[in-house]
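Residues per chain, in single letters:
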Amino acid sequence: MLINKRKGSLAIFLLLTSINLLADLSGDPGEIYPVKINKNINSYLVIESKGIQYALIPLPFNKQGQSVKFNGQIININKKDFGESRITITNSSMVDLSEEDLLRASKESKVIKTSINTYSTKYKPKLNFIKPVQGIISSRYGKKRYINGSPRSPHLSLDIAAPTGTEIVAPEYGKVILTGDFFYAGKYIILDHGHGLLTSYSHLSKIDVTKGQFIKKGEKLGEVGASGRVTGPHLHWTVYLNKIRINPESLINDKFLESIL
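Throughout this document, residue positions are counted from 1 along each chain, in the order its sequence is written. Thresholds applied to this predicted model are a pLDDT of at least 70 for local features of residues and 80 or more for the giving and counting of side-chain atom pairs; totals over whole chains, interfaces and linings are not thresholded and use all residues. Values reported for side chains reflect all heavy atoms of the structure, with hydrogen atoms and water molecules removed beforehand.

**What about the overall build of the protein chain?**
In plain terms, the rule: Going along the chain from the N terminus, every DSSP run of H or I of four or more residues is numbered as a helix, and every run of E of two or more is numbered as a strand. Relative accessible area decides the class of each residue, using a 1.4 Å probe on protein chains only: under 20% of the type maximum gives buried, over 50% gives exposed, and in between gives partly exposed. Working rule for contacts: check all heavy atoms of both residues, and any pair within 4.5 Å makes them a contact. Note on areas: Shrake-Rupley with a 1.4 Å probe; residue coverage comes only from the protein chains shown. When charges are counted, Lys and Arg are positive and Asp and Glu negative, with His and the chain ends excluded. Note on charges: their place is set at NZ of Lys, CZ of Arg, CG of Asp or CD of Glu.
Looking only at helices and strands, the protein chain features four helices and 19 strands. Taken along the three principal axes of its C-alpha coordinates, the protein chain extends 80 × 40 × 30 Å. Here the protein chain holds 261 residues, and 43% of them are scored as buried. Sequence separation of 24 or more characterises 65% of the internal contacts of the protein chain that already satisfy a separation of 6 or more. Accessible surface for the protein chain amounts to roughly 14,300 Å². Of this, 51% is attributable to carbon and sulfur atoms. When the 35 basic and 22 acidic side-chain charges of the protein chain are each reduced to a single mean position, those positions are 9 Å apart.

**Examining the layout of surface pockets**
If a probe as big as a water molecule is rolled over the atoms, it shows which places are left empty. Cut-off, in case you're wondering: The pocket and cavity definitions rest on a 1 Å grid over protein atoms only: a 1.4 Å probe that fits but cannot leave marks a cavity, an open set with protein on both sides within 12 Å along at least five of seven lines marks a pocket, and residues lining either have an atom within 4 Å of a point. Grid points are joined across faces, edges and corners, and a volume is the space filled by probe spheres set on the points. Each residue is assigned to one of three groups, with Ala, Val, Leu, Ile, Met, Phe, Trp, Tyr, Cys and Pro labelled nonpolar, Asp, Glu, Lys and Arg labelled charged, and all others, Gly among them, labelled polar.
Taken as a whole, the largest pocket spans an internal volume of roughly 1,300 Å³. Contributing to the lining of the largest pocket are 42 residues, with R145, S157, Y184, H236 and R245 lying nearest its centre. At the level of elements, strand 7 (84-87), helix 2 (99-116), strand 8 (136-139), strand 9 (143-147), strand 10 (150-155), strand 11 (158-161), strand 15 (197-207) and strand 18 (234-241) are the ones that each hand at least two residues to the lining of the largest pocket. Ranked by the residues each element gives to the lining of the largest pocket, the list is headed by helix 2, at seven residues. Class assignment of the residues belonging to the lining of the largest pocket gives a composition of 17 nonpolar, 17 polar and eight charged.

**Considering the pairing of strand 9**
The test is simple: A pair of strands is labelled paired if DSSP reports no fewer than 2 bridges between them.
Summarising the sheet, strand 7 and strand 9 pair through four bridges and their orientation is parallel. By the bridge assignment, S85 is partnered in strand 9 with R145. For strand 9 and strand 10, the ladder comprises four bridges, and the chain directions are antiparallel. Opposite I147, over in strand 10, you have S150 as the bridge partner. Hairpin connection, strand 9 to strand 10: the antiparallel pair is bridged by two residues, and N148 has positive phi, about 55°.

**Considerations on the side chain of S85**
Mapped onto the fold, S85 is located in strand 7. Taking the relative accessible area as the measure of exposure, S85 reaches 14% and is therefore buried. Apart from the residues lying within four places of it in its own chain, the contact partners of S85 are S139, K143, K144, R145 and Y146.

**Observations concerning the sheet that holds strand 10**
The criterion, for reference: Helix axes are fitted only over the stretch in contact, all axes being lines through C-alpha atoms; the angle between N-to-C directions runs from 0 to 180 degrees.
As summarised here, the arrangement of the three strands in space is 7-9-10, forming an open sheet in which the pairing is mixed. Both edges of this open sheet fall to strand 7 and strand 10, since each of them pairs with a single strand only. Across the sheet, the mean angle separating the axes of adjacent strands is 30° when strand polarity is ignored.

**Some points on the confidence of the model for the protein chain**
We count it as follows: Along the chain, pLDDT gives the predictor's confidence residue by residue, from 0 to 100.
Of the residues in the protein chain, 90% have a pLDDT of 70 or more, and the chain-wide mean is 89. Scored below 50 in pLDDT, residues 9-23 shows one contact in the model against residues more than four places distant or in partner chains.

**Notes on the side chain of S250**
Take S250: it is sitting in helix 3 (residues 248-251). Setting aside anything within four residues of it in sequence, one finds S250 in contact with E31 and F256.

**Some points on the sheet that holds strand 4 (residues 52-58)**
As summarised here, the arrangement of the three strands in space is 2-4-3, forming an open sheet in which the pairing is antiparallel. Edge strands, defined here as strands with exactly one partner in the open sheet, are strand 2 (32-37) and strand 3 (45-49). Strand after strand, the sheet turns through a mean of 35° between neighbouring axes, direction not considered. Two strands pair when backbone bridges link them, and strand 2 and strand 4 are joined in this way by six bridges, in the antiparallel orientation. Across the sheet, the residue bridging to I37 is Q53, located in strand 4.

**Points about the packing of aromatic side chains**
The geometry of an aromatic ring pair is captured by the separation of the ring centres together with the interplanar angle, meaning the angle of the planes. Here is the rule: Two rings from Phe, Tyr or Trp (for Trp, the six-membered ring) form a pair when their centres are within 6.5 Å of each other. A pair whose planes differ by under 30 degrees is stacked, one over 60 is edge-to-face, and the rest are tilted.
Applying the stated criterion to the full structure yields ten aromatic pairs. Between Y123 and F214, the ring centres sit 5.9 Å apart and the planes meet at 80°, which makes this aromatic pair edge-to-face. Placement of the pair is Y123 in the loop between helix 2 and strand 8 and F214 in strand 16 (residues 214-215), with a sequence separation of 91 residues. On the accessibility criterion, Y123 (13% relative accessible area) is buried. Judged by relative accessible area, F214 falls into the partly exposed class, the value being 42%. Here the aromatic rings of Y173 and F214 are separated by 6.2 Å at their centres, their planes lie at 20°, and the arrangement is stacked. Of this pair, Y173 sits in the loop between strand 12 (167-169) and strand 13 (174-182) while F214 sits in strand 16, and the two are 41 residues apart along the sequence. Note on Y173: relative accessible area 35%, which makes it partly exposed. Counting every residue linked through ring pairs, the aromatic cluster contains F61, F82 and Y141.

Take a look at the structure:
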């Protein structure tokens, strides 16, 4: 009986330990979760710290309360209330689109999607981002968004308000893979930082780079403006990892990598 009790206690201990380990595999939507790996995986951004390799897994905003699987492990995604954002756009033609504008916006969406699906593995980001513009954060990642009182898609970017003409710089080394003037985004840039990490910049008043150009960290990209669908001058900054929009504000925190490893 004593042996059975010990076996039973051991089984309970192992079960509780297993549950605790599983409980630890969780993160907030829009964040990056590092998973230890034994070999490089080309389709993921992999970093090394103290001799250990980690694949950086983006946690999708739209899978709150669910999970993602990677390398045999399950990562639970927490539910989180990000608050809400309500804006008023007086130009109704920018809210209720004409057939012509709908067609234009649809075509532009496909162009942007194609660019986001394209990235290089010839260079790798260091994930030591700087803030792309000096200003005031006017809308954070994840907020429920209402335009003229109607619910819209969640705000999966970071808005930084600043006067028109304020300089916008590259937060990290990258290559310009798209520039243009779009219906929603206005004057627009996408940078490829390598291995699935991309950033985009919307509503500029001026673009100072060209497609195919390599940009150093801190180099000027353009200037803040109010082009496209906006209520005032600001930078709408989006960060993608493996085509998933993650929280830009996390990346500009001091010692970001140290904070997640």
